[in-house]
Amino acid sequence: MSATVIFNANEDDFPQSVLDASHHQPVLVDFWAEWCAPCRALTPVLEKVTQAYGGALRLAKVEVDENMRLAGRYGLKGFPTVILFDRGVERGRFSGARPETFVRDFIDGHLA
């Protein structure tokens, strides 16, 4: 498993790269699609916030068109949807493009 702060994940490696890894540090998962304008708007916000945590948080990018069963497993209805995993458990989620302050408050509020 790579220690890269921002990485791509898929259905096959999700149990190890996200769920198992979240026992060591929280993992924010961005379920996104190339055709989704709000997804493209949220990506730089998530990347900036993740980098600002200085390695205390990782960001997994899951392209939903290639991982529909995984999106279905988590009952996703719209994109982007972001789910925060900590210690192998979902701690919270949000959908849609959001500003940096919202994302920081979301992370801090669920990991406090």
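Everything numeric in this text was worked out from a predicted model, so none of it was measured. (Residues numbered from 1 in each chain as written. Predicted model: local features only at pLDDT ≥ 70, side-chain atom pairs only at ≥ 80, totals over all residues. Heavy atoms only, no water.)

## Description of the packing of aromatic side chains
Phase 1: Counted according to the given criterion, the structure contains seven aromatic pairs.
Phase 2: Here F14 and F85 contribute two aromatic rings whose centre-to-centre distance is 5.8 Å and whose plane-to-plane angle is 80 degrees, an arrangement assigned as edge-to-face. Of this pair, F14 sits in helix α1 (residues 14-20) while F85 sits in strand β4 (residues 81-86), and the two are 71 residues apart along the sequence. The pair F14 / F85 is uniform in exposure class, with both members buried.
Phase 3: Relative to F106, the ring of F94 has its centre 4.9 Å away and its plane inclined at 80 degrees; by these criteria the two rings are edge-to-face. Note that F94 is positioned in strand β5 (residues 89-95) and F106 in helix α4 (residues 100-111), a separation of 12 residues in sequence. The same class applies to F94 as to F106, namely buried. (Phe/Tyr/Trp six-rings, centres within 6.5 Å; stacked < 30°, edge-to-face > 60°. Helix = DSSP H or I, 4+ residues; strand = E, 2+ residues; numbered from the N terminus. Buried < 20%, exposed > 50% of the residue type's maximum accessible area, 1.4 Å probe, protein only.)

## Observations regarding the side chain of N67
Phase 1: With respect to the element layout, N67 can be found in the loop between β3 (58-63) and α3 (68-73).
Phase 2: Apart from the residues within four sequence positions on either side, N67 is in contact with A9, N10, E11 and V62. (Contact = heavy atoms within 4.5 Å.)

## Side note on the packing of helix α2 (residues 37-52) against α4
Phase 1: Direction vectors running N to C along α2 and α4 enclose 50 degrees, while the axes themselves pass 10 Å from each other. It follows that α2 is oblique to α4 by the angle criterion. Crossing of α2 against α4: the hand is right-handed. Contact residues: L42, V45, L46, K48, V49 and A52 in α2; E100, V103, R104 and I107 in α4.
Phase 2: Per-class residue counts for the contact of α2 with α4 are seven nonpolar, no polar and three charged. (Axes fitted to C-alpha atoms, helices over the stretch in contact; angles between N-to-C directions. Parallel < 35°, antiparallel > 145°, perpendicular 65-115°, else oblique. Left-handed = near helix turned anticlockwise from the far one by under 90°. Nonpolar A, V, L, I, M, F, W, Y, C, P; charged D, E, K, R; others polar.)

## Here we look at α2
Phase 1: When the terminal C-alpha atoms of α2 are compared, their 24 Å separation across 16 residues agrees well with the 22 Å that a helix rising 1.5 Å per residue should span.
Phase 2: Helix geometry: α2 is bent most strongly at T43, by close to 25 degrees, with proline P44 lying one to four residues after it.
Phase 3: Turning to α2, the residues buried within the fold contact β1 (6-8), β2 (27-32), β3, β4, β5 and α4. (Expected span 1.5 Å × (residues − 1). Bend = angle between axes of the 7 residues up to and from the residue.)

## A closer look at the sheet that holds β2
Phase 1: Taken together, the five strands give an open sheet; going across it, the order is β1-β3-β2-β4-β5, and neighbouring strands pair in mixed fashion. Two strands lie at the open edges of the sheet, namely β1 and β5, each paired on one side alone. Taking the axes of each pair of neighbouring strands and ignoring which way they run, one obtains an average angle of 20 degrees across the sheet.
Phase 2: Where β4 lies against β5, six bridges are found, and the strand directions are antiparallel. By the bridge assignment for β5, L84 is matched with G92.
Phase 3: Sheet contacts for α2: β1, β2, β3, β4 and β5; angle to β3, the most-contacted strand, approximately 160 degrees.
Phase 4: Strand contacts of α4: β2, β4 and β5, with the helix running at about 160 degrees to β5, the strand carrying the most contacts. (Pairing = 2+ DSSP bridges.)

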